[in-house]
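Listed here are the chains, written in short residue letters.
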Amino acid sequence: MSIEAAADAPLDDYLPRPGSDAYYAQRYAPAPARPLLALIDALRGEIARVPVNCSNPEIALAKLGWWREEIARLNDGSPRHVLTRALA
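Residues numbered from 1 in each chain as written. Predicted model: local features only at pLDDT ≥ 70, side-chain atom pairs only at ≥ 80, totals over all residues. Heavy atoms only, no water.

1. Concerning helix 4 (residues 57-76)
For an α-helix, 3.6 residues make a turn, and residues three or four places apart therefore share a direction.
Thought 1: For helix 4, with 20 residues, the first-to-last C-alpha span of 28 Å sits near the 28 Å given by 1.5 Å per residue.
Thought 2: Within the span of helix 4, buried status applies to Ala60, Gly65, Trp66, Trp67, Glu70 and Arg73.
Thought 3: Between the side-chain oxygen at the start of helix 4 and the backbone nitrogen of Glu58 there is a gap of 3.1 Å, and the oxygen is on Asn56.
Thought 4: Of the residues flanking the end of helix 4, it is Gly77, one or two places downstream, whose phi is positive at about 85°. (Helix = DSSP H or I, 4+ residues; strand = E, 2+ residues; numbered from the N terminus. Expected span 1.5 Å × (residues − 1). Buried < 20%, exposed > 50% of the residue type's maximum accessible area, 1.4 Å probe, protein only. Polar contact = N/O pair within 3.5 Å; in protein donor to acceptor, adjacent residues only side chain to side chain.)

Quick look at the structure:
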């Protein structure tokens, strides 16, 4: 799935699933912090997967560049990806 296609995927596709380590780790966090922690962890996971899932360094650099721009758009208040829109 391309980054642009993933940008419109349902938010639940990114959040930890019951039974996963991340899901249970977040259960021990204070209740008000859990939604934000889930979003931050999902965003971290998306960015961390880029180098692992790319067939060559040029593609990885392009995708990481897109994420760099997306974080800047989040900072500017105009994010496009479902995760950064939820963080906004």
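2. Observations regarding the environment of Gly77
Thought 1: Relative to the assigned elements, Gly77 resides in the loop between helix 4 and helix 5 (82-87).
Thought 2: What makes Gly77 exposed here is its relative accessible area of 57%.
Thought 3: Taking the C-alpha atoms as reference, Gly77 lies 6.9 Å from Ala88; in sequence the two are 11 residues apart.

3. Some words on the pattern of salt bridges
Thought 1: This structure, assessed with the given rule, holds 4 salt bridges.
Thought 2: Residue Glu46 pairs with Arg49 through a salt bridge whose shortest N-O separation is 2.7 Å. Pair noted here: Glu46 and Arg49 are both in helix 3 (residues 34-53), with a separation of 3 residues, about one helical turn.
Thought 3: With relative accessibility at 19%, the residue Glu46 sits in the buried group.
Thought 4: With a closest N to O distance of 4.0 Å, Arg73 and Glu69 form a salt bridge. Of this pair, Arg73 and Glu69 both sit in helix 4, separated by 4 residues, roughly a single helical turn. (Salt bridge = Lys/Arg side-chain N within 4 Å of Asp/Glu carboxyl O.)

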